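Remarks on the overall topology
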Amino acid sequence: MSSSKFPTLSRRGFIGIAGAAAAGVALTACAGGGGGSKQGGDANTINFWSNHPGTSKDQELELISRFQAKFPDLKVKLIDAGRNYEEVAQKFNAALSGGDLPDVVVLSDVWWFNYALTGAIEPLDGHFGDAGVKLDDYVDSLASDYLFNGKHYALPYSRSTPLFYYNKDVWAKAGLPDRGPNSWQEFDEWGPKLQSVVGDGKFAHGWGDAKNYLAWTFQGPNWTFGGAYSDQWKLKFNDPGTIAAGNYLRDSINVKKYAAIRPAIATDFGTGVIASTIASTGDLKGIKANADGKLAFGTANLPHPSGPGVTTGGAGLAIPARISDQRKVNALKFIEFLTNPESTAYFSQATGYMPVRKSAVSNPSEVEFLAKNPNAKVAIDQLPLTKSQDYARVFLPNGDQIIGTGLEQIGLQNKDVASVFADVTGQLQQIYDRQIAPKLPK
């Protein structure tokens, strides 16, 4: 089967087109999100919609308290907007259809551009001066992730990379060095040794399921096999490297039987059910809490023997376009405070997410924290090894779930890899043909 090709187009140009398609499928209610009348409301009350990334509700409440101490005329209401990024997006989409809009909303890597393209969220650059935002102090690669058509539609907040988590006690009992694997081929040799140590009912390695971002965490491993979900606009599921990566996943679960797909990898790892996993840096807080006093664990870079083997992810903070200008300025003041060097250092220390400001890494509390917590330092050290996500996952509507479901079929049902990936290709190609190709420039 030949590879599917997309016309050549700039990355940011495609974000807009894919966002339009996504808006038409998953976000139909916000098709006119940029229009409609402005919402007034109390400009001095900031409604903050969050899913509390990395179980961070206590930290968000503390930062709100600090903000209100600095700006006593402003009040912030923290509103539970969902259990995950998808639920926040659904709630926001419903509000765009006629409900009360928030002032600040958490939007993930696969959601923000849908709203940017439809005009549902505000380009922030014109408000930077009034809100005291210093864009040049944000980590360049993280801030540019929200750049569309020359404007920034969010600022980075809970940003992460996947990390390799491993149980040091199990590693030692298996006679393995105290480190992560240098390649997935090396880990394939380690797997049976680890499995003999953990025993029945437990697993040497746990992969997350489709709902827990398997398509995200498997991107890096796929790259190291020479595969990809897509190369810019060209689908790559039928390429030899991607097939090899899929076969590795299937064999580790169904042939060598040292791995499993699990719906709660962070909990399973922290409680010793699985001896290793790939999980977000944002899971570090929860894993540490579950493991405290029960097991010693380490974090490591994902294997990258001949190039990048890991990507970034997470969420940023955006502002609805249809609230009043004064609400927008006050909302951006709050975003700036949440992400200033002191706040992002505090937030990252508590959750495991990366500091989003350059100057934060030289903050005295951050320097001291990283010296005492090498597991947290891995994410920062790994940042130069990352590359942007494959477009098939983040720019095609429902791409994440389609890919993740295919990987589940390979792991849970032992289905033929080439057949599964052919079906994934067909689904994504159909989405492209029906929803994206008609919108491409002629």
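This write-up is about the structure you can find in this document. These figures come from a predicted structure and were not determined experimentally. Residue positions within a chain follow its written sequence, with the count starting from 1. Residue-level local features of this predicted model are given only where pLDDT is at least 70; pairs of side-chain atoms are given and counted only at 80 or more, and the full residue set underlies all totals for whole chains, interfaces and linings. With hydrogens and water set aside, each side-chain value is computed from the structure's full complement of heavy atoms.

Let us now look at the pairing of strand E12 (residues 276-280). Of all 5 residues that make up E12, 5 are buried, and the element is covered over most of its length. Note on pairing: two strands pair once DSSP finds at least 2 bridges between them. By the criteria applied, helices consist of DSSP H or I runs no shorter than four residues and strands consist of E runs no shorter than two, each listed in order from the N terminus. Taken together, the 5 bridges between strand E7 (residues 162-167) and E12 define a ladder with antiparallel strand orientation. Bridged to phenylalanine 164 within E12 is isoleucine 278. Relative accessibility thresholds used throughout: buried, under 20% of the residue-type maximum; exposed, over 50%; partly exposed, between the two (1.4 Å probe, protein chains only).

This paragraph deals with the nonpolar core. To define a nonpolar core, start from buried Ala, Val, Leu, Ile, Met, Phe, Trp, Tyr and Cys residues and group those joined through side-chain atoms within 4.5 Å. Counting residues in each nonpolar core, the largest one holds 80 residues, and the members touching the most others are Phe48, Phe92, Tyr115, Leu332 and Phe334. Only heavy atoms matter for contacts: two residues are in contact if any of them lie within 4.5 Å across the pair. Ignoring any residue separated from it by four or fewer positions in sequence, one finds phenylalanine 48 in contact with Glu60, Ile64, Val76, Lys77, Leu78, Ile79, Val104, Val106, Tyr157, Leu317, Phe334 and Leu338. Judged by nonpolar contacts, the second largest core, of 45 residues, contains Tyr166, Leu214, Ile243 and Ile402.

In space, the 5 strands of this open sheet follow the order E2-E1-E3-E14-E6, with mixed pairing throughout. Unpaired on one side and paired on the other, strand E2 (75-80) and strand E6 (155-160) mark the two borders of the sheet. Within this sheet the neighbouring strands show an average axis-to-axis angle of 25°, counted without direction. Contacts from helix H14 (residues 325-338) reach strand E1 (45-50), E2, strand E3 (104-108), E6 and strand E14 (313-318) within the one sheet, and its direction differs from that of E1 by about 55°. Interaxial angle, 0 to 180 degrees, is taken between N-to-C directions of lines fitted to C-alpha atoms, where a helix line uses only the stretch in contact.

Next up on the list: the packing of helix H2 (residues 57-70) against helix H15 (residues 341-351). When two helices pack together, their arrangement is captured by the angle between the axes and the distance separating the axes. Look at H2 against H15: their axes get within 10 Å of each other, and the N-to-C directions meet at 160°. For the element pair H2 / H15, the angle class is roughly antiparallel. Considering the relative orientation of H2 and H15, their crossing is right-handed. Contacts from Gln59, Glu62, Leu63 and Arg66 in H2 reach Ser343, Tyr346, Phe347 and Ala350 in H15. Each residue belonging to the contact of H2 with H15 can be placed in one class, and the counts come to 4 nonpolar, 2 polar and 2 charged. For classification purposes, an angle smaller than 35 degrees is called roughly parallel, one larger than 145 roughly antiparallel, one from 65 to 115 roughly perpendicular, and anything else oblique. By definition, turning the near helix anticlockwise from the far helix through less than a right angle yields a left-handed crossing, and turning it clockwise yields a right-handed one. Ten residues, namely Ala, Val, Leu, Ile, Met, Phe, Trp, Tyr, Cys and Pro, are considered nonpolar, four, namely Asp, Glu, Lys and Arg, are considered charged, and the remaining ones, Gly among them, are considered polar.

Let us look at the packing of helix H11 (residues 240-254) against helix H19 (residues 399-412). Running from N to C, H11 and H19 cross one another at 40°; their axes reach a closest spacing of 8 Å. Taken together, the axes of H11 and H19 lie oblique to each other. Residues Gly246, Leu249, Arg250, Ile253 and Asn254 of H11 pack against Leu407, Ile410 and Gly411 of H19. Here the residues of the contact of H11 with H19 are counted per class, giving 4 nonpolar, 3 polar and 1 charged.

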